[in-house]
Amino acid sequence: MGRVSLRFVLGRVLAALPVLAGVVVLTFVLMRLLPADPAAFYATGPAMGPAEVEALRRQLGLDRTVAEQLLIYLRDLGTGNLGRSMVTGQPVTEDLALRLPASVELTIAGFLLALLVALPLGILAATRPDSAIDHLTRVIATTGVSMPTFVTGLVLIFVFYFLLGWAPDPTSRYDLFLPQSPRLTGFLTLDTLVDGNWEQFGAVAARLVLPAATMALFAIAPLARMTRASMLAALQGDFVRTARALGLSPAKVLLTYALRNALIPVVTMMGMVLSYMLGANVLVEKVFAWPGIGSYALDALVASDYAPVQGFVLVVAAIFVVLNLVVDLVYAAVDPRVGLG
Amino acid sequence: MSGATLRHIRHVVATNPVTLAAVLLFAAILLAALLGARLAPLDPLQTDVARALRPPSAVNWFGTDHLGRDVFSRTLVATRLDLLIAVSAVSLSFVAGCAVGALTGYFGGLADRVVGRLVDVLMAFPLFVLAMAMVAALGNTVANIIYATAIINLPFYIRFARAEVNLRRAAGYVLSARLAGASDGRILARVLVPNIMPVMVVQMSLNMGWAILNAAGLSFIGMGVKPPTPEWGIMVAQGASHVTSGHWWVALFPGLALVVTVFAFNLLGDGLRDIVDPRRRT
Amino acid sequence: MKRRDFVRGGVLSIPAAYLAMQGIGPAAAQSRAETLRVLSEGVPNTFDPSGAGANRESNGFVWNVYDRLVRFSRYEVADGVYHYDYYNLEGEVAESWAWSDDGTRLTFRIKPGLVFHDGSPVTVEDVKWSLDRVVSMPASARQMSTGSMTSPDQFEIVDDRTVMAKFDRRDRFTVPNLAIIFPGIINSKLARQHATAADPWAGEWLKENTAAGGAYTVESFTPGQQIVFSRFDGWKGGPLPTLRRAIHQLVPASSSRAVAVERGDTDIAMGIPPQELAALEGKPGVRIASVPMRNAFQFIGMNNTLAPFDKRGVRLAIAHALPYEAMFNGVLRGRGRPLFGGTEWAPSTAQFPAPQPYVTDLDKARSYLAEAGMAGGFETTFTFNIADEAVVEPIAILIQEALAQIGITVAIEKVPNAQMGTMLTEKTIPFFFDVSSAWLNDPDYFFRIFYSGDWRWNYGSFKNAEMEQLLADVRFESDTAVYETKVRRIIEIAFAEAPVILLWQPSHDIPMSDTLTGYTYYFHRQVDYRVLNRV
C-alpha cells in the first residue's frame, strides 16, 4: 500500500470526471426523450386547464431549449443543487441523502451474505473438481443466478412471511411500534447498535434478511465461480506444491497460501459484483418496499420526474468510479507485485 | 472440426454430466421455440372468462389464467418470443461490439480513446435503469426492448473484443499473415476475429440468460411487451398477484419455464467455456 | 414542524428522537390499539391545501390536518361503513352560515374557542386570509370559480366572529366548494411570517410546513416513505377522535399491502385490485369496507375530434360491442354499479351517472358502424395507464377480442402514468380507458367537467351547442322542476352521442382489520382518521 501515491488517486479521480460528465449529459438527454410532458402531468389537479399547464411549464423552465436547460442544470450541479423532486416534493439531494444509506446497507448485507456462501462453496468445489459436490455447487449457484430477482423476492415473501410467518412484514426497515434510535448514519443496524437499542436492532436485522438473501442469490454464482477457478489455478501453482512438500498441513496450505493468491481475481470480481448490485437492486427495493435510491429512481422515471433520475444515475456512477478505485487499491494491497505509482 | 476437438468435447461432456443435461435442456427449449405455436393444444389468446383461474387439469395442463386462457399453451408459445428477444439482443450487441472493439483494438488511436470513454460512460450507468429509461422513451415494442437490452450489453463486448484483439495483434500468426502480405482488413476478418470467436461465444451464451432476465424485469415494472402477446416475464408478474389467493399455477409454470431456460443458457455457457478453453474452466 | 427537523432527524423529529433515546418515546408509551397503521401507494408530496401538483395522499393529509369552514356529513351504507353526504353539510370551523334573501350575501359565524396547533385562536382574520388565498393560488383558483368565488374582494370581515362573502347571485356550488380540500383554514399569523413579496401566500413555506388547526398534527414525516400523525388534543372542530396516532406508509407492492392486512400487521390497505380482494374475502380478522362511489366512474374514452371517433355511429357501434358482462363480472368481479344495460334513451330522472342504454349487441353495433360508413371496420390503438394494469389489462384484451368481431382491429398500448396524463391533456389519445371522479356531485357539474371545456377532463373532447346552452341555463337554476327537465335533456344528448362510454361506478373497497368501525368514504378516496374507531 505504501507505493500507492496520492498522485495516483488524484489522477484516477480526475480521469473519472469526463465519465461522470458523460453520464450526466446522457441521462439528461434521455430523460427529455421521454414522451411525457411533466408540466401537463403535474398541472392536472381538478380544474386545471391549458393556461395552468403553460404556467407550470414556464415555472419548471421546460419552455426553454434542451441546451439551455442543460446549462442551467450543470450550473446548479456546480453548487450541489440537484433540483427538486415532483414526486416527493423535496430537494433531490435531501431525498438521496435520506435514501442512499438504505440502499447501501441492503447492498452490503446482500454482498456479505453472498461472500459467506460463495467463498466456502468455491473453495470446496476447487478442492474436489468434477466431484458430486463440485457439480452440486455449480447447479446451486447457477439456479440462483437464473431467477429474476423479483421472482426470488416474491417467493421468499410468500414462503417465509405469508405461509410460515417467520419473517416480519416486508413493509418497512424497522419495527414501527418499537422505540426508534436517533439517526446518525442512516444505516439502521449501526444506529440501533450505537444506541444500544437491542430490540430494534433485532427487528432491523430481521427485516434485512429476505431482501439481502434475494440480492445474494444473484451474486453467489459469479463469486463462487471465480473463487473456484482461481483456487483451482492456485492449487496447481508451484508455491502450493512446495508448501505441501515442506509438510505444511493441508488446511494451512489451502487457506494461507492458495487462498491468498486466489483472492486477487476474486477481489476484482467483488468490485464488479458490488457495483452491479447497487444499480440492480431497483426491483428488490420495489418488492420489499425498501426506501432506497433504486425505488426512488423507478417511481420518478414512471412519473417523468427528471431531477431524481438524473441525481440517482449520477450518484450510482460516482459510486461505481470510487469502487473501481478502491478495488485497484485493494488489489495492490493483496498482491505485492502490483505497484501503483 | 478436428478429431482432437471432438475427443475433447466428448471428454468434457463425459466428465461433466451437468453440461450434458444443459445441452439436452437447450435442445428441448429450442424445439419448443421452433414448434411451440404448432404444438400448443389450445389457442393461447382465446379468452373464456367463465373458465378463469381453473387449476391444472387434463384439458388445461397448467391450468387457466385470470381470463380463462390456457397457461400451458401460453407458456409454450412464449418460448419463441423470449428466445427471440434474448438471441436478437445478444447477437446485436455481439456484432456491433465485436466490430467496434476489434477495430479500435487493432488500430488504436483517437477513435480507440473516444470509444473507450464512451464505454466507460455506459459501464458507469445503472444498467437496468438505463434499459427502463430507453424503453420508456422509445415505447414498449419488442424491437425497443431488444435494442435496450443490446445497448446495455454492448460495453462488455466492445471491451472484450478490444482486449482480445489488442492482445493478439502482435501474436505470431498475425505477424506471419502480415508478412505474407495480408491487408489490415484481411487480418482482422480472417485471422483475428475467428480467433476471438470461441471466447465471445461463451460470453454470448451467458449473456442470453441475462437478457431474458432483463426483459422479465422490464415486464415486472410494466414496460414489457404489449398485451395480449404471451411472454414469460409478464405472465409471472401478473400471475404473482394470484398466488396469495391460491391460484399458484398462473405464475409458477411460466416462472419455471423462464428459470429453466436461463439456467440452461448459463450451464451451456459454462460447458462451452470448458470446451473452448480448458484452462479457464470454472 | 419544520422540514429541517425531520430531514436532520431522519425518521423522527428531534424532540421525538430525544424522547425515544430516553426509552419513553411516543411509540413506546402509546399502545398499539390507539395507533392506526395504513399501507398505501403513496405519501403526500405537499402539505399545502392549494399545492400545485398535489397527489391523492396530499389530499388525505390536508383533510386530516386542516379544518374547513364546513364539512360533508355522512350516511351509513353498511354496518359501520359510511359514504359522505354531499347534500348535507355541517359546520367545522363555522358554527352556522346563511344566505341573504337576495342570494348576494353568504355569512359565516365562527365557532368560539377554536385554536390552531400552536395554541393561537382561530380568528375571522385567519378565515378571510385563507379564503383570499384559495381564490388566488393557481392550483385552486379555477375550482373555486365553479362556486362563484374568484376574488379576495368578495370576502369581508363583519365582526370578530362573522365573515361575509359577496356574490352577484346565489350559487348552489359555493358552500360545497368550501367543504373540499382546497379551502383549509390556515393560521395566517404563522403563515404570513413566511410570506415574501414574490410569494405573498407563503406557498414555498406551506409546501413543507403546516399552519393548521385540524384534528391531527404531523408527528414525523419521511418524504416518499411515511408520515406519522398524532391527535391534536386541543381540537374542537368536532368530537375528539379516538385514535391517538396514525402511521401512513408507502408500500409499492399491492400484494404486500394485502398480505399485511391478512396477517394483522396493518389495519388498512389502500389500492388493492379486485383479484387480491377476492383472496381476502372471508379471512379471519379482515373485513372489506365496500362503498359504492357515487362520484367516481370508469370509462372508455374516445377522442370525438379524431377520425373515426368523430362519427357518432362509430362511438355507438363500440358502445354496443363492448363485452360488458365479461368485463364487469369477470374482471371487476361485480365490485361496483353497472352504468350499462339501461333501458331509457330519454331518462325519466335527472340522476347521473346513470346506466346508459347500451348493451352488448353485435348486430346493432355492425349497423351503427355501417351507418357511419365504416362497415369494413378500421384499426385503432387502445391505451391505458400502467398503474391501472391489474384491472385494465384484462379489460383491454376482452375489448380487443370483442371489437375484432365487428371488424375493428385494436392494438393495445400501455403507457406510464406521466405519459398518459400528457396524452390526455394534449388530446392526442384516440381510444382509452381511464377512471375519474367529480369532487362535487350535482349532475350538471358532472357534465360541465366531463362533457365540455378545453381541459383534460373533457375526455371525449366533446362539443355540443345544445348541451353547452343547457349547461349555461341550469348553472344558477333554483327551480327544481326546470332544473331536472333540462338535465334530463342533457343526459339524453349524452346517451345519443356517446362521447364517452361510462362502464361502471367501481366500489371503494378497503380491506381492514375487523376491529375498525366508522370508515367513511370521501370524494378524495383517502382515510379520515377522525371518524374511525377501534372496538
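Residues numbered from 1 in each chain as written. Chains lettered and ligands numbered in written order. Predicted model: local features only at pLDDT ≥ 70, side-chain atom pairs only at ≥ 80, totals over all residues. Heavy atoms only, no water.

Quick word on the interface of chain C and chain A
- Contacts between the two partners involve 60 residues from chain C and, on the opposite side, 52 residues from chain A.
- Roughly 4,600 Å² is buried in total at the junction of chain C and chain A, and carbon and sulfur atoms are behind 60% of that figure.
- Along the contact surface separating chain C from chain A lie two salt bridges.
- A salt bridge links Asp169(A) to Arg37(C); the shortest N-O distance between them is 2.9 Å.
- Connecting chain C to chain A are 13 residue pairs in polar contact (both at pLDDT 80 or more).
- When the residues that make up the side of chain C that touches chain A are grouped by side-chain class, the tally is 26 nonpolar, 19 polar and 15 charged. (Contact = heavy atoms within 4.5 Å. Buried area = accessible area lost by both parts, 1.4 Å probe. Salt bridge = Lys/Arg side-chain N within 4 Å of Asp/Glu carboxyl O. Polar contact = N/O pair within 3.5 Å; in protein donor to acceptor, adjacent residues only side chain to side chain. Nonpolar A, V, L, I, M, F, W, Y, C, P; charged D, E, K, R; others polar.)

Section: the confidence of the model for chain C
Residues and elements named next belong to chain C.
- Predicted confidence across chain C gives a mean pLDDT of 91, with 94% of residues reaching 70 or more.
- Averaged over each element, pLDDT in chain C is lowest for helix α1 (residues 3–9) (36) and highest for helix α5 (residues 124–134) (98).
- pLDDT under 50 marks residues 1–29. Its contacts with residues more than four places away, or in other chains, come to 58 contacts.
- Predicted complex metrics record ipTM = 0.85 and pTM = 0.88. (pLDDT = per-residue confidence, 0-100. Helix = DSSP H or I, 4+ residues; strand = E, 2+ residues; numbered from the N terminus.)

Digging into the sheet that holds strand β6 (residues 155–159) of chain C
Residue and element names in this part refer to chain C.
- Taken in spatial order, the four strands make up an open sheet running β4-β5-β7-β6, and their pairing is antiparallel. Bordering the open sheet on either side are β4 (94–99) and β6, each of which pairs with just one other strand. Neighbour-to-neighbour, the strand axes of the sheet open up by a mean angle of 25 degrees, direction not taken into account.
- Pairing analysis gives five bridges linking β4 to strand β5 (residues 105–110), with the strands arranged antiparallel. Across the sheet, the residue bridging to Ala94 is Ile110, located in β5.
- Against the sheet, α5 makes contact with β5, β6 and β7 (162–166), and its axis sits at roughly 170 degrees relative to β6, the strand it touches most. (Pairing = 2+ DSSP bridges. Axes fitted to C-alpha atoms, helices over the stretch in contact; angles between N-to-C directions.)

Looking at the interface of chain A and chain B
- Tallying the contact residues gives 45 residues for chain A and 47 residues for chain B.
- Summed over both sides, the interface of chain A with chain B buries roughly 3,900 Å², with 78% coming from carbon and sulfur.
- By the criterion of area lost to chain B, the three top residues of chain A are Arg138(A), Phe150(A) and Arg225(A), representing 17% of everything that side buries.
- Counting across the interface, chain A meets chain B through zero salt bridges.
- With nine residues, the top contributor of residues to the side of chain A that touches chain B is helix α1 (residues 6–33) of chain A.
- Split into classes, the residues belonging to the side of chain A that touches chain B amount to 33 nonpolar, seven polar and five charged.

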